[in-house]
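Geometric and topological summary
Spelled out from the first residue to the last, the chains are:
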Amino acid sequence: MKKPALIVALAFLGTVSNAQDSTAFTLKAAVDYAEKNSPLIKNAHTDIEIFKKRQKEITAMGLPQVNVEATFNHFLNIPTTVVPANAFSPLAPPDLLVPVQFGTKYQTSAGATLSQLIFDGSYFVAIKTSKTAMELQVLLEQKTTVDVKNEVVKAYYMAAIADENIKTLTTTVAQMEKLRGETDAIQKEGLIEKQDVEQLELTIQGMRNNIIRAENMKKLAYNLLKLNMGIDIKNEITITQTIDSLNAEFNAADYVAKEFSPAALPEYQLLQTQVKLGEYSLMNEKAKYFPSFGGFITHSYNLPSNKLDQFDNRRWFPTTIWGLKLTIPVFASGMRHYKVQQAQMSLSKSVTTLKNAENGLKLAAESARLNLNFAMESLTTLKQSLELADKIQQKTLVKYKEGISTSMELNQAQMQYLNAQANYINGLYTVLSTKAEMDKAYGTLANPTK
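Scoring rules and cut-offs
- Residues numbered from 1 in each chain as written.
- Predicted model: local features only at pLDDT ≥ 70, side-chain atom pairs only at ≥ 80, totals over all residues.
- Heavy atoms only, no water.
- Helix = DSSP H or I, 4+ residues; strand = E, 2+ residues; numbered from the N terminus.
- Rg over C-alpha atoms; globule rule 2.2 N^0.38 Å.
- Buried < 20%, exposed > 50% of the residue type's maximum accessible area, 1.4 Å probe, protein only.
- Areas by Shrake-Rupley, 256 points an atom, 1.4 Å probe, with all protein chains shown as cover.
- Lys, Arg positive; Asp, Glu negative; His and termini not counted.
- Charge placed at Lys NZ, Arg CZ, Asp CG, Glu CD.
- Salt bridge = Lys/Arg side-chain N within 4 Å of Asp/Glu carboxyl O.

1. So, the overall build of the protein
From N to C terminus, the protein includes 10 helices and 8 strands. Computed over C-alpha atoms, the radius of gyration of the protein comes to 41 Å, more than 25% over the 22 Å expected from 2.2 N^0.38 for 450 residues, which places it beyond the range of a compact globule. Across its three principal directions, the C-alpha atoms of the protein cover 155 × 70 × 45 Å. Within the protein, the fraction of its 450 residues that count as buried is 33%. Carbon and sulfur atoms provide 59% of the accessible area of the protein, an area that totals close to 27800 Å². Here the protein contributes 48 positively and 44 negatively charged side chains, and the mean placements of these two sets differ by 8 Å.

Below, the structure is given as structure tokens:
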């Protein structure tokens, strides 16, 4: 009896472990999760599905259409007409007209009409336009995906920065608490003043406040990451990569020779598609000059009666009609002409916008490259400053323990080191975030490899 219970317990623990692991994300896992769960991407998928239905609707407009119709008419006054009286009586004066009523009080009919479009230039243009419009929807989805991935990447970097800040502050506080204990022991022996211990305590309290502030910033960073990933902000998640490991994956050499091509960007492709849609719009307006041609067949039954209860099947009279309809546009007071001109002007605007956007995208790509280069150069300087601040702190600490340096000088050296550490961490974030912006600007934003 104990073995099955143990197996069940182990299985349960395994399930809990897996559930916990599902809340821990690498950068790649976070991006993959967002691609499947981001509300923005889900809506983009839905827009594509909606437009697929719209495509089928447009196609169906040129397929056979069947309509069934039934009518019931109650003639409160049966229509009256007049006929020459001599039609009934040869002796009647030739100019005498006699009023007569033809028809019945009730008229019931039911029938069906089958119609088929044979030719309409606008319909064929609409089919082509719907295909291009579908391409537009797909490009909008791609752009949304790129935007979401970019936001997730930057939010992940922010969360990693928040974790690193807390780690640095916590380590520093632990070191200073240890130093305070040593200083307190020395003060009790009367070798230093109590003010030195109080100064350290004041510094520690300030750092604890900084940790609280950093914890709040961490919550905001994680909530932003969860929002972009499509996770309820009430749920807890963790990230498994540090800012240093993320930076280690970045190879600056890959960005030195990177070439820019606007055709790789969804934004540029969207504008190209807009130009194509403008061409189809112009074709559609010109197609309205051409005739349209269709056919139909109608079959119906009519029941005339003077009493409502006279629905005798033998009294239903059939009527069948088939025909063709040709519509030739002849004169519209210049309306079609002006619509063609409007479509031409709109197309010209789309072409101009495309050319201008190409220059704008080139500028954005070059700016992203310059920002990344500047961020990498700044990081080198910040790293050197951090190393120098660390040396100063260590030397000051040794002097303080030897009684050569004051607590004020030690506090100043430690604050200088913490500032250098914060600047270096922010520099790492700047490098990674500008890298992500460059990936986006060059149309090469892809899932991380780890």
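The discussion continues.
2. Overview of the pattern of salt bridges
Two side chains that carry opposite charge are able to pair once their charged atoms sit near each other. One pass over the structure, following the stated rule, counts 14 salt bridges. For Asp147, the salt bridge identified is with Lys440, shortest N-O distance 3.2 Å. Highlighted residues: Asp147 in helix α4 (residues 121-188) and Lys440 in helix α10 (residues 407-441), separated in sequence by 293 residues. Two residues, Lys258 and Asp439, come together in a salt bridge whose shortest N-O distance is 3.2 Å. A residue pair is termed long-range when its members are at least 10 positions apart, and Lys258 in the loop between α7 (253-256) and α8 (266-287) and Asp439 in helix α10 qualify at 181 residues. Each member of the pair Lys258 and Asp439 is classed as buried.

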